[in-house]
Amino acid sequence: MASTAPRLDAARVRARVEAVPDPELPVITLGDLGVVRAVTTAADGTLTVELTPTFLGCPALPAITAAVQDVLEECGHPDGRVRQVLAPAWSTDRITPEGRAKLAAHGIAPPSPAGAASGPVRVDLGVPCPHCGSRATRPHSSFGPTRCQSMLRCTACRETFPTITAI
């Protein structure tokens, strides 16, 4: 059955794909995570959405692919394709400032972006605690609520909290 939805251009489709919530952590979108690599149009008009998963074994990838396929259909591109792009690999540097703020507000310590400081080399004393802001944190467990998270413990307020890990 042919789609009756008006065909949106690649830029509008990308905006809608980037607004899709992450299935494992719905407070953050695919755009916030930086997993949407590109949305391109082939010569025949077919759109391709390229996604870079946060890690190779991401169990949410089938759900993400299905959600993106739904967006393509809603945007008038039922023949659109979703492709995984594994190189260059995703890193936490791709998380947007808005995404970092959403993670922190949700109690997940966002990783510091690479090259965040200029000038003298900054000694990183730990991931800041999303509860009290202290950098007196240490690893608690390699296993977090999802496969792409680990658990840290704050020695100041004694709270445990997840953080996104670069795979």
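- Per an unreviewed UniProt entry, the protein goes by Phenylacetate-CoA oxygenase subunit PaaJ and derives from Streptomyces lusitanus.

1. Thoughts on helix α1 (residues 10–18)
An α-helical turn contains 3.6 residues, so a residue and the one three or four places further along point in the same direction.
Okay, step 1: What α1 keeps buried is the set A10, V13 and V17. In an axial view of α1, the angular spread of the buried residues amounts to 60°, which keeps them on one side of the axis. Among the exposed residues of α1, those oriented more than 90 degrees off its buried face are A11 and R12.
Okay, step 2: Buried residues along α1 sit in contact with α2 (30–33), β1 (36–41), β2 (47–51) and α3 (61–74).

2. Some thoughts on the pairing of β2
Okay, step 1: Within β2, 5 of the 5 residues are buried, which leaves it mostly tucked inside the rest of the structure.
Okay, step 2: By the alternation rule, side chains of β2 split into L47, V49 and L51 and T48 and E50, which are all buried.
Okay, step 3: Where β1 meets β2, 5 bridges bridge the pair, whose relative direction is antiparallel. Paired with T41 across the bridge in β2 is L47.
Okay, step 4: In this antiparallel pair of consecutive strands, β1 and β2, the connection spans 5 residues, and G45 shows a positive phi of 90°.
Okay, step 5: Sheet topology places β2 next to strand β3 (residues 81–84); 4 bridges connect them, and they run parallel. Considered in β3, the bridge of L51 is made with Q84.
Okay, step 6: What joins β2 to β3 is α3, and the crossover it makes is right-handed.

3. Some details on empty space enclosed by the protein
Okay, step 1: Applying the stated criterion across every chain, the model contains 1 cavity of 30 Å³ or more.
Okay, step 2: What the largest cavity holds in volume is close to 180 Å³.
Okay, step 3: Counting only elements with at least two residues in the lining of the largest cavity, the list comes to α2 and α3.

4. Re the sheet that holds β2
Okay, step 1: Overall, mixed pairing links the 3 strands, which are arranged β1-β2-β3 in an open sheet. The sheet is open, and its two borders are formed by β1 and β3, each paired with just one other strand. Here the average twist between neighbouring strands, direction ignored, is 20°.
Okay, step 2: Running at roughly 150° to β1, α1 makes contact with β1 and β2 of the sheet.
Okay, step 3: Helix-sheet contacts for α3 involve β2 and β3, and the interaxial angle to β3 is about 150°.

5. Let's talk about the side chain of T52
Okay, step 1: Of note, T52 is situated in the loop between β2 and α3.
Okay, step 2: A residue is classified by how much of its surface remains accessible, and T52, at 2% relative accessible area, is buried.
Okay, step 3: Side chain to side chain, T52 and R37 meet in a polar contact 3.0 Å long.
Okay, step 4: The residues contacting T52, other than those within four sequence positions of it, are V35, R37, V85, P88, A89 and W90.

6. With respect to the sheet that holds strand β5 (residues 149–154)
Okay, step 1: The strand order β4-β5-β6 describes an open sheet built from 3 strands, whose pairing is antiparallel. The sheet is open, and its two edges are formed by β4 (137–141) and β6 (160–164), each paired on a single side. Pairs of neighbouring strands in the sheet enclose a mean axial angle of 45°, with direction left out of account.
Okay, step 2: Bridge count between β5 and β6: 5 bridges; the pairing is antiparallel.

Definitions and cut-offs
- Residues numbered from 1 in each chain as written.
- Predicted model: local features only at pLDDT ≥ 70, side-chain atom pairs only at ≥ 80, totals over all residues.
- Heavy atoms only, no water.
- Buried < 20%, exposed > 50% of the residue type's maximum accessible area, 1.4 Å probe, protein only.
- Helix = DSSP H or I, 4+ residues; strand = E, 2+ residues; numbered from the N terminus.
- Arc of directions from axis to C-beta.
- Contact = heavy atoms within 4.5 Å.
- Pairing = 2+ DSSP bridges.
- Right-handed = clockwise from strand over helix to strand, strands pointing away.
- 1 Å grid on protein atoms, 1.4 Å probe; cavity = no way out; pocket = protein on both sides within 12 Å on 5 of 7 lines; lining within 4 Å.
- Points joined across faces, edges and corners; volume = space filled by probe spheres on them.
- Axes fitted to C-alpha atoms, helices over the stretch in contact; angles between N-to-C directions.
- Polar contact = N/O pair within 3.5 Å; in protein donor to acceptor, adjacent residues only side chain to side chain.

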